[in-house]
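If you want the building blocks of each chain, they are given just below.
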Amino acid sequence: MKQSLGLVSLVVRDYDEAIAFFVGTLGFRLVEDMPVPEQSKRWVVVSPPGAAECQLLLARASTPEQESRIGGQTGGRVFLFLYTDDFWRDYEAYRSRDVVFVREPKQEPYGTVAVFRDLYGNLWDLVQPSASHLAERAGAAK
């Protein structure tokens, strides 16, 4: 049996500002943007460049409870892990676009990592996995 995560839902305040950040600032690809008229919503999916499986569903908050979760879906822990094939390229590009890094780059056994904040306050790891970490993950997937 093979399974994979297809979408991760990220609660956002506004579709267009979220698209501007993820596509315009982070360089993600806009995969889908379709109206869902019966719910007065949109189906908005973005994806990091080159991503094959997991994508983000930008889900606009529609209740006060959902609004209270914007930017805090994990209670302040790092929420999402953005893997890259060139850490320094992406780190410098994001800094030039005013992405706020809350933890500076660090070399860890699993790779090079820095933590940044998205426009809502969610924390992300920008990670270039080490070759040994990638080999371990590939072995575990078998």
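Each remark here, short or long, concerns the structure printed above.
Residues numbered from 1 in each chain as written. Predicted model: local features only at pLDDT ≥ 70, side-chain atom pairs only at ≥ 80, totals over all residues. Heavy atoms only, no water.

A. Quick look at the pattern of salt bridges. Scanning the model with the defined rule gives 8 salt bridges in all. As a salt-bridge pair, Asp 33 and Arg 42 come within 2.8 Å of each other at their nearest N and O atoms. Residues participating in the shared-partner salt-bridge network are Asp 16, Asp 33 and Arg 42. (Salt bridge = Lys/Arg side-chain N within 4 Å of Asp/Glu carboxyl O.)

B. Highlighting the side chain of Asp 118. Its location among the elements puts Asp 118 in the loop between β7 (111-117) and β8 (123-129). One buried charge, Asp 118, has no salt-bridge partner; the nearest side chain with opposite charge is Arg 117, at 7.3 Å. Within the local environment of Asp 118, its side chain forms a polar contact with the side chain of Trp 124, the two groups lying 3.1 Å apart. Beyond its immediate sequence surroundings of up to four residues, Asp 118 is in contact with Leu 10, Phe 21, Phe 22 and Trp 124. (Helix = DSSP H or I, 4+ residues; strand = E, 2+ residues; numbered from the N terminus. Buried < 20%, exposed > 50% of the residue type's maximum accessible area, 1.4 Å probe, protein only. Lys, Arg positive; Asp, Glu negative; His and termini not counted. Polar contact = N/O pair within 3.5 Å; in protein donor to acceptor, adjacent residues only side chain to side chain. Contact = heavy atoms within 4.5 Å.)

C. Main features of the sheet that holds strand β2 (residues 29-36). Within the open sheet, the 4 strands sit side by side as β1-β4-β3-β2. Their pairing is mixed. Either end of the sheet is taken by a strand with one partner, and the two such strands are β1 (7-12) and β2. Here the strands of the sheet are splayed against their neighbours by 25 degrees on average, with no regard to which way each runs. Relative to strand β4 (residues 55-60), β1 runs parallel, the two sharing 6 bridges. Its bridge partner being in β4, Val 8 is matched across the sheet by Leu 56. Across the sheet, helix α1 (residues 15-25) touches β1, β2, β3 (41-47) and β4, and the angle it forms with β3 is around 5 degrees. (Pairing = 2+ DSSP bridges. Axes fitted to C-alpha atoms, helices over the stretch in contact; angles between N-to-C directions.)

D. Fine view of helix α3 (residues 87-96). Every buried residue belonging to α3 is among Phe 87, Asp 90, Tyr 91 and Tyr 94, and all of these are buried. Summarising the axial view, the buried residues of α3 lie within an arc of 100 degrees, below the 170-degree limit, and thus occupy one face. Buried residues in α3 make contact with α1, β5 (78-83), β6 (100-108), β7 and β8. Directly beyond the C-terminal end of α3, a positive phi value near 65 degrees is found at Asp 98. (Arc of directions from axis to C-beta.)

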